[in-house]
Amino acid sequence: MAAWCCSTLRLPAAHAVWPALARRVASVAKDLPMSDVGMLCFVAGRMGLKDDEALLGALFGRVREGMEELQPQDVVNLVSSMARLDLREEESLLTSLLGKFQESRFSAEEWLRLTWAVSKLKRQLAEERLYPRLIRAPAEMARRVHERLAALAKKPNAQLCGSGEVPLVLCRGFATAEECRELRRIAERQGWERSENVVREVHVAVL
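Keep in mind the model is a prediction, meaning the values are calculated, not measured.

1. Some words on the overall build of the protein
A tally of helices and strands in the protein yields 11 helices and 2 strands. Secondary structure elements of the protein, listed N to C terminal, follow the sequence α-α-α-α-α-α-α-α-α-α-β-β-α. Sorting the 207 residues of the protein into buried and exposed places 34% on the buried side.

2. Concerning the environment of A151
You can see A151 is positioned in helix α10 (residues 139-151). On the basis of relative accessibility, which here comes to 31%, the residue A151 falls in the partly exposed class. Note: C-alpha distance between A151 and F174 (23 residues apart in sequence) is 9.6 Å.

3. Brief notes about the environment of V145
Secondary-structure assignment places V145 in helix α10. With relative accessibility at 25%, the residue V145 sits in the partly exposed group. Taking the C-alpha atoms as reference points, V145 and A175, 30 residues apart in sequence, are found 8.0 Å from one another.

4. Some details on the pattern of salt bridges
Within this structure, the stated rule accounts for 9 salt bridges. Notably, a salt bridge pairs R185 with E182, separated by 2.6 Å at the nearest N-O pair. Here the residue R185 and the residue E182 both occupy positions in helix α11 (residues 177-189), the gap between them amounting to 3 residues, near one helical turn. Judged by relative accessible area, which is 18%, E182 ranks as buried. Each of the salt bridges in this network shares a partner with another, and the network as a whole consists of E178, R181, E182 and R185.

5. A few points about a nonpolar patch on the surface
The grouping of L112, L134 and I135 at the surface amounts to a nonpolar patch, some 300 Å² of accessible area in total. Within the fold, I135 resides in helix α9 (residues 131-135). I135 gets classed as exposed once you look at its relative accessible area, which sits at 65%.

6. Focus on helix α5 (residues 72-84)
Here α5 spans 19 Å end to end across 13 residues, near enough to the 18 Å set by a 1.5 Å rise per residue. Three or more residues of α5 are buried, namely P72, D74, V75, V76, N77, L78, V79, S80, S81, M82 and A83. Packed against the buried residues of α5 are α3 (34-47), α4 (53-65), α6 (91-98) and α7 (108-121). Following α5 by one or two positions, D86 adopts a phi angle in the positive range, close to 60°.

Definitions and limits used
Residues numbered from 1 in each chain as written. Predicted model: local features only at pLDDT ≥ 70, side-chain atom pairs only at ≥ 80, totals over all residues. Heavy atoms only, no water. Helix = DSSP H or I, 4+ residues; strand = E, 2+ residues; numbered from the N terminus. Buried < 20%, exposed > 50% of the residue type's maximum accessible area, 1.4 Å probe, protein only. Salt bridge = Lys/Arg side-chain N within 4 Å of Asp/Glu carboxyl O. Patch = residues over 30% accessible without salt bridge, like charges linked within 9 Å, V, L, I, M, F, W, Y side chains within 5 Å. Areas by Shrake-Rupley, 256 points an atom, 1.4 Å probe, with all protein chains shown as cover. Expected span 1.5 Å × (residues − 1). Contact = heavy atoms within 4.5 Å.

Structural data, given as structure tokens:
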């Protein structure tokens, strides 16, 4: 809890509190539940503690020993920390973590975090294992949508609206009502969710 609080307060990596916390964590890591290990790895990545070999060795050593105890949220935290710590050489561990659970066990937000992290570590692996859930759609539907997008710039009835950070384009006749309903059905089947976080500001566009 102390480590999480310190990271939330954004204490710099050079602050004296981190070596003390690292020594304490390294001494008890083997006895920690995996949920705590995942959180501590996330903190280490968030604060850039990649030079503390004793801390990382203790935490990821516990991960290797306790793979059976992991939950989906732990996998997300661990892979995110690996990306922030730039642990590209840990390819076997990364593969094991990604193979731990089926895709359906992760929420949409968790899958986005995994996709970002794996893309940082091994882009080809992300493209093969993670991208499909984000872009999955019937081939004919995808073809029609991409054709409409490609033709958007040539449409005389396309109109740019608004002056905010997210541009809004009004284009009459862009998609039929049935095509819009099909896109919505696809999104619902993939389990897209709405998530709110008062700490994070997100700009979105809605079609």
